[in-house]
There are 2 protein chains.
Amino acid sequence: MKVAIIGGGAAGMSAASRVKALQPDWEVTVFEKSRWVSHAPCGIPFFVGGAVEKFDDLCAYDIEYFRHERGIDVHTGARVIEVDDGILRVNDGGKETTYEWDKLLFATGSKAIKLGVEGEDLDGIIYVDDIENAERVKMEAAKVDNVVVVGSGYIGVEMADAITRLGKNVTVIEVMERPLPEYDAEIAAIIKSEMEKYVNLRLSERVTAFEGKDRVEKVITNKGEYPCELAIIAVGVVPNTDLAKGLVDLGVKRAIKTNSRMETSRENIYAAGDCAESINVVTGKEDWIPLAAPANKMGYVAGVNMAGYEMHYPGSLKSQLTGFKNIEIGKAGLSENEAIRQGYEVVSAFITSRTSARYLPGGLIHLKVVADRKGKLLGLQAVGKDVAMRVYAASALLYKNGDVRDLFFTDFPYYPPVSRVWDPLVVAARNIFRKLGVP
Amino acid sequence: MKVAIIGGGAAGMSAASRVKALQPDWEVTVFEKSRWVSHAPCGIPFFVGGAVEKFDDLCAYDIEYFRHERGIDVHTGARVIEVDDGILRVNDGGKETTYEWDKLLFATGSKAIKLGVEGEDLDGIIYVDDIENAERVKMEAAKVDNVVVVGSGYIGVEMADAITRLGKNVTVIEVMERPLPEYDAEIAAIIKSEMEKYVNLRLSERVTAFEGKDRVEKVITNKGEYPCELAIIAVGVVPNTDLAKGLVDLGVKRAIKTNSRMETSRENIYAAGDCAESINVVTGKEDWIPLAAPANKMGYVAGVNMAGYEMHYPGSLKSQLTGFKNIEIGKAGLSENEAIRQGYEVVSAFITSRTSARYLPGGLIHLKVVADRKGKLLGLQAVGKDVAMRVYAASALLYKNGDVRDLFFTDFPYYPPVSRVWDPLVVAARNIFRKLGVP
């Protein structure tokens, strides 16, 4: 059996490894257009900010490991040009070849949304969707004084943090009225106030053009102009499905339609990772959730099924964790706004609590829990200190379709330095009890 | 209605607050033998070690708060002498009085197990079960050079940590073959090696006597002698049911038998906290789980039911979190040994993983997951760095009767500084997959 995998990121390499583990005699070939496999785009901000010194450290495994230890035939610098039944056309290091396949996986990831404004091809304007741009950003940032970051999603926020660590003046321009727009207003207000200590945060502003001679000199918005020598664009991503469209059905946000075995609409063709749709566990509906951990699991499940076994991917919660300077930021499931858009009648609690026993230093955490009118948990958002443990716990409860009673009664361990005898999660649950009329 | 509550700790004050919140017109009286209510025995080691400066900071709320804000009639220094149908005899600040009640709650907590060896009444030998002893320990520890801690459960381990922070020589004597004997050997080995860097850890040794003229001078065991000027005894607790026995049925470990509404065998008498039994959510059986967070929730539930509403306490997981120097230590559910004793056929995975992406500093976590042969999760133990978030997550899954597949597929968020794209929990689940034949 010949298994072809397009894309050597998280999903592709997980699938390849799984197929070889279960079917060691099958031929598994990965075509990756960059020079790296299993690379770590989530690490780019840490490399740019200096926490990671060497660019090579970002790339999870060296290719020889996959080749020799796992027996995967990895082709880097190999761009697939066309996909047809049983055959691929590949530009493999400059040479065009064909490759036959019995089973195929699309693991082509996502690609950056372009702003589509005048001047965006000037030098000094960089999209950080691609691992290949990490070195460029770091090198260029070192030489300049003023950097504009366009977009304040996860990548924008983390890049802004990283670049302030290099001692540069950073302006962040966000078209929405708050940073990390997936969060509700109460949480975003805290993020905003932390960001404003370190960067010039411009909200509700739309970039209309970039200006400069050879190189970017300023960013123009509908409200002002921002001189800069470097602009980093992170305004979101879309599924990279150029090769797949026409061949297999597309679904939500034009990601590749898949079932729970990661099968596409066409026999023997699978999709996994950022190019594929999956189920949102909270809503039970198809969704597009381009995140690294789900991508790995989708790849794993695709690999098991491609190898002839059966495994179902239940979907994801869009669980996320990030940080800016002194605050951790996290979310699992739906925000209140997202829940309302999905048609839920919601009840929510926003609380601020210490994270430690009151007699120890600790810090503050701000939590928002969203539930429906029957008490079913829909989501958690948190910002402040010791956020990860609460988002982990909420992820588990959301995954298990838990309700507010479960949030109250789950026996979270108490240890004075990091938790409270009434954990902030439990306090939030109690708060929702009141709104639901639970005694 | 007259509600009497015996004991002003976590369970008693939670119950009292709940009754007053739901039935503001009822008379709620708390009888507490010490000078404090809602005190924080879990904070004693932090006070002794110096992280908490003032003893008063350990006592959660001042009594006036409960009296005036919550309308609870709090009597401190009030020792209940006898309980009878509808009446209590109380030594209230030296004066004997009686008090009539319609509903009664036992929230009498636990008490220290005595060693029962020669010399244990010498000066300089202190049991730390009681908040009143915290100041004594701190004062005496300041004056001496050599301290022996007998017992290495949570309290023993935390006290040993605290006293080394005062620059004293500490010997810890444990009768079992490992410290924190509720943990399995793999986890205990790591705790042991951390403890041995700071204290003289004597395992499998039984204290047979204390010697000294007026004051303790040495601790004698079956294997040796340890000179010391202060000995702290923390060899466990038992339910404090002196007042209850004969009146209501006792259950597991002679804790007060309760149903899920925290009702005892006798009408209108309730029990909550360390004096009461409850359900172990993992086994579904009655158990005795004397911990602060469950005590608060039991009190809350007792209060709701005493107030005439209905709420059921589902039980606890015995979730625990502690630390020693540079390691966090945590557990939820059953260890492998405990599971075997409960009759489960177990499968387990012990793994060591970094806690951060490999390109960031992070640290190591050692995890053990225990499941039954069908994959049902039975417990998690962890030691090292970033333990709390994993024990929180495992607590949620155990509470929701999760299995290994849930542990694998729960969408834990990935953030390079504190987690991994394959979280250690997920790696452990995958490890159990292999043992269960999941592809």
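The rules we used
- Residues numbered from 1 in each chain as written.
- Chains lettered and ligands numbered in written order.
- Predicted model: local features only at pLDDT ≥ 70, side-chain atom pairs only at ≥ 80, totals over all residues.
- Heavy atoms only, no water.
- Helix = DSSP H or I, 4+ residues; strand = E, 2+ residues; numbered from the N terminus.
- Rg over C-alpha atoms; globule rule 2.2 N^0.38 Å.
- Buried < 20%, exposed > 50% of the residue type's maximum accessible area, 1.4 Å probe, protein only.
- Contact = heavy atoms within 4.5 Å.
- Areas by Shrake-Rupley, 256 points an atom, 1.4 Å probe, with all protein chains shown as cover.
- Lys, Arg positive; Asp, Glu negative; His and termini not counted.
- Charge placed at Lys NZ, Arg CZ, Asp CG, Glu CD.
- Polar contact = N/O pair within 3.5 Å; in protein donor to acceptor, adjacent residues only side chain to side chain.
- 1 Å grid on protein atoms, 1.4 Å probe; cavity = no way out; pocket = protein on both sides within 12 Å on 5 of 7 lines; lining within 4 Å.
- Points joined across faces, edges and corners; volume = space filled by probe spheres on them.
- Axes fitted to C-alpha atoms, helices over the stretch in contact; angles between N-to-C directions.
- Parallel < 35°, antiparallel > 145°, perpendicular 65-115°, else oblique.
- Left-handed = near helix turned anticlockwise from the far one by under 90°.
- Nonpolar A, V, L, I, M, F, W, Y, C, P; charged D, E, K, R; others polar.
- Salt bridge = Lys/Arg side-chain N within 4 Å of Asp/Glu carboxyl O.
- Least-squares fit on C-alpha atoms with pLDDT ≥ 70 in both.
- Core = buried A, V, L, I, M, F, W, Y, C linked by side-chain atoms within 4.5 Å.
- Phe/Tyr/Trp six-rings, centres within 6.5 Å; stacked < 30°, edge-to-face > 60°.
- Lys NZ or Arg CZ within 6 Å of the ring centre and 35° of its normal.
- Pairing = 2+ DSSP bridges.
- Buried area = accessible area lost by both parts, 1.4 Å probe.

Undergrad: Could you give me a rundown of the overall build of chain A, with the residues and numbers involved?
TA: Across its full length, chain A holds 11 helices and 25 strands. Against the globule reference of 22 Å for 439 residues, chain A gives a C-alpha radius of gyration of 23 Å, in line with a compact fold. Taken across its 439 residues, chain A has 60% of its residues classed as buried. The long-range fraction of contacts in chain A, counting pairs at least 24 apart against all pairs at least 6 apart in sequence, stands at 62%. Here chain A displays about 16700 Å² of accessible surface, and carbon together with sulfur accounts for 45% of that area. Of the charged side chains in chain A, 54 are positive and 61 negative, and the gap between their average positions amounts to 6 Å.

Undergrad: Summarise the side chain of Thr 322 of chain A; cite the residues concerned and give the values.
TA: Among the structural elements, Thr 322 of chain A can be located in strand E21 (residues 320–324). What makes Thr 322 of chain A buried here is its relative accessible area of 0%. In this structure the side chain of Thr 322 of chain A is engaged in a polar contact, spanning 2.5 Å, whose partner is the side chain of Glu 158 of chain A. If we skip the residues at most four places from it in the chain, Thr 322 of chain A touches Tyr 154, Glu 158, Leu 180, Ile 327, Glu 328 and Ile 329 of chain A together with Tyr 415 of chain B.

Undergrad: Describe empty space enclosed by the protein, and please don't skip the residues or the numbers.
TA: Residue and element names in this part refer to chain B. Under the defined criterion, the tally for this structure stands at three cavities of 30 Å³ or more. In this structure, the largest cavity encloses a volume near 50 Å³. Every residue lining the largest cavity is listed: Val 369, Leu 377, Gly 379, Leu 380, Ala 394, Leu 398, Leu 407 and Leu 425. Only strand E25 (377–384) and helix H9 (387–399) provide two or more residues apiece to the lining of the largest cavity.

Undergrad: Could you give an account of the environment of Glu 336 of chain A, naming the residues involved and the relevant values?
TA: Residue and element names in this part refer to chain A. The residue Glu 336 is located in helix H8 (residues 336–341) in this model. Owing to a relative accessible area of 19%, Glu 336 belongs among the buried residues under this scheme. Among the polar contacts listed, one links the side chain of Glu 336 to the side chain of Lys 368, at a separation of 2.7 Å.

Undergrad: An account of the packing of helix H1 (residues 10–22) of chain A against helix H7 (residues 292–306) of chain A is requested, with residue identities and associated values reported.
TA: Residue and element names in this part refer to chain A. In contact at an axis separation of 7 Å, H1 and H7 are set at 30 degrees when each is read in the N-to-C sense. With respect to each other, H1 and H7 are oriented roughly parallel. For the pair H1 and H7, the sense of crossing is right-handed. Contact residues: H1 offers Ala 10, Ala 11, Ser 14, Ala 15, Arg 18, Val 19 and Leu 22, while H7 offers Ala 292, Ala 295, Asn 296, Gly 299, Tyr 300, Gly 303, Val 304 and Met 306. Each residue belonging to the contact of H1 with H7 can be placed in one class, and the counts come to 10 nonpolar, four polar and one charged.

Undergrad: With reference to specific residues and values, describe the side chain of Thr 29 of chain A.
TA: All names here are of chain A. Structurally, the position occupied by Thr 29 is in strand E2 (residues 27–32). Look at Thr 29 and you get buried, because its relative accessible area is 0%. Here Tyr 99 takes part through its side chain, which lies 2.8 Å from a polar atom of the side chain of Thr 29. Apart from the residues lying within four places of it in its own chain, the contact partners of Thr 29 are Val 3, Ala 4, Ile 5, Asp 73, His 75 and Tyr 99.

Undergrad: Mind laying out the pattern of salt bridges, listing which residues take part and the relevant values?
TA: Opposite charge on two side chains makes pairing possible when the charged atoms of those side chains draw close. Following the criterion strictly, the structure yields 48 salt bridges over all chains and no others. Each of Asp 184, Glu 186, Glu 336 and Lys 368 of chain A takes part in a single network of salt bridges with overlapping partners.

Undergrad: Give a detailed account of unusual backbone geometry, specifying residues and quantitative values.
TA: Phi at Ser 204 of chain A takes a positive value of approximately 55 degrees, unusual for a residue other than glycine. Mapping Ser 204 of chain A onto the fold places it in the loop between strand E12 (200–202) and strand E13 (207–211). Phi angles above zero are rare outside glycine, and Met 262 of chain B is one such case at about 65 degrees. Position of Met 262 of chain B relative to the elements: it lies in the loop between strand E17 (237–239) and strand E18 (269–271).

Undergrad: Requested: an account of the relation of the copies chain A and chain B, with residues and values cited.
TA: Once chain A has been moved 0.0 Å along the axis and rotated by 180 degrees, it coincides with chain B to within an RMSD of 0.0 Å. Classification of the inter-copy transformation places it as that of a two-fold axis. The share of interface residues of chain A whose copies in chain B are also at the interface is 100%, consistent with both copies meeting through the same surface.

Undergrad: Describe in detail the nonpolar core, supporting the description with residues and values.
TA: Formed by 289 residues in total, the largest nonpolar core has its most connected members in Leu 88 and Phe 106 of chain A together with Leu 88 and Phe 106 of chain B. The contacts of Phe 106 of chain B, once residues within four sequence positions are left out, are Ile 6, Val 83, Leu 243, Ala 244, Leu 247, Ile 256, Ile 269, Tyr 270, Ala 271, Ala 272 and Cys 275 of chain B.

Undergrad: Go over the packing of aromatic side chains with me, naming the residues and quoting the values.
TA: Applying the stated rule across the entire model yields 28 aromatic pairs over all chains. Aromatic side chains Tyr 65 of chain A and Phe 66 of chain A sit 5.6 Å apart centroid to centroid with 75 degrees between the ring planes, which places their arrangement in the edge-to-face category. Of the residues examined, Tyr 65 of chain A reaches a relative accessible area of 29% and is grouped as partly exposed. An aromatic cluster is present here, built from Tyr 300 and Tyr 313 of chain A together with Phe 408, Phe 409, Trp 422 and Phe 433 of chain B joined pairwise through their rings. The positively charged end of Lys 138 of chain A is found above the aromatic ring belonging to Phe 47 of chain A, 4.1 Å away from the centroid. It is Arg 430 of chain B that lies over the ring of Trp 422 of chain B; its NZ or CZ is 4.7 Å from the centre.

Undergrad: I'd like a rundown of the sheet that holds strand E6 (residues 95–100) of chain A, residues and numbers included.
TA: Residues and elements named next belong to chain A. One open sheet accounts for three strands, arranged E4-E5-E6; its pairing is antiparallel. On the outer flanks of this sheet lie strand E4 (78–84) and E6, each paired with one strand and no other. On average, each strand axis in the sheet is inclined to that of its neighbour by 25 degrees, with strand direction left out of account.

Undergrad: Before we move on, could you go through the interface of chain A and chain B and cite the residues and values that matter?
TA: Facing the 75 residues of chain A at the interface are 75 residues of chain B. Roughly 6100 Å² is buried in total at the junction of chain A and chain B, and carbon and sulfur atoms are behind 69% of that figure. Remark: the boundary between chain A and chain B carries two salt bridges. Two residues, Asp 406 of chain B and Lys 400 of chain A, come together in a salt bridge whose shortest N-O distance is 2.9 Å.

Undergrad: Which residues make up the sheet that holds strand E12 (residues 200–202) of chain B, and what values go with them?
TA: All names here are of chain B. If you trace the five strands from one edge of the open sheet to the other, you get E9-E16-E10-E11-E12, paired in parallel fashion. Of all the strands in the sheet, just strand E9 (125–127) and E12 have a single pairing partner and so form its edges. Averaged over all adjacent pairs, the angle separating strand axes in this sheet is 20 degrees, with direction ignored. Judged from the four bridges that link them, strand E10 (residues 146–150) and strand E16 (residues 230–233) form a sheet pairing that is parallel. Bridging from a neighbouring strand, Val 148 pairs with Ala 231 of E16. Each of E9 and E16 touches helix H4 (residues 132–143); the most contacted strand, E9, lies at about 145 degrees to it.

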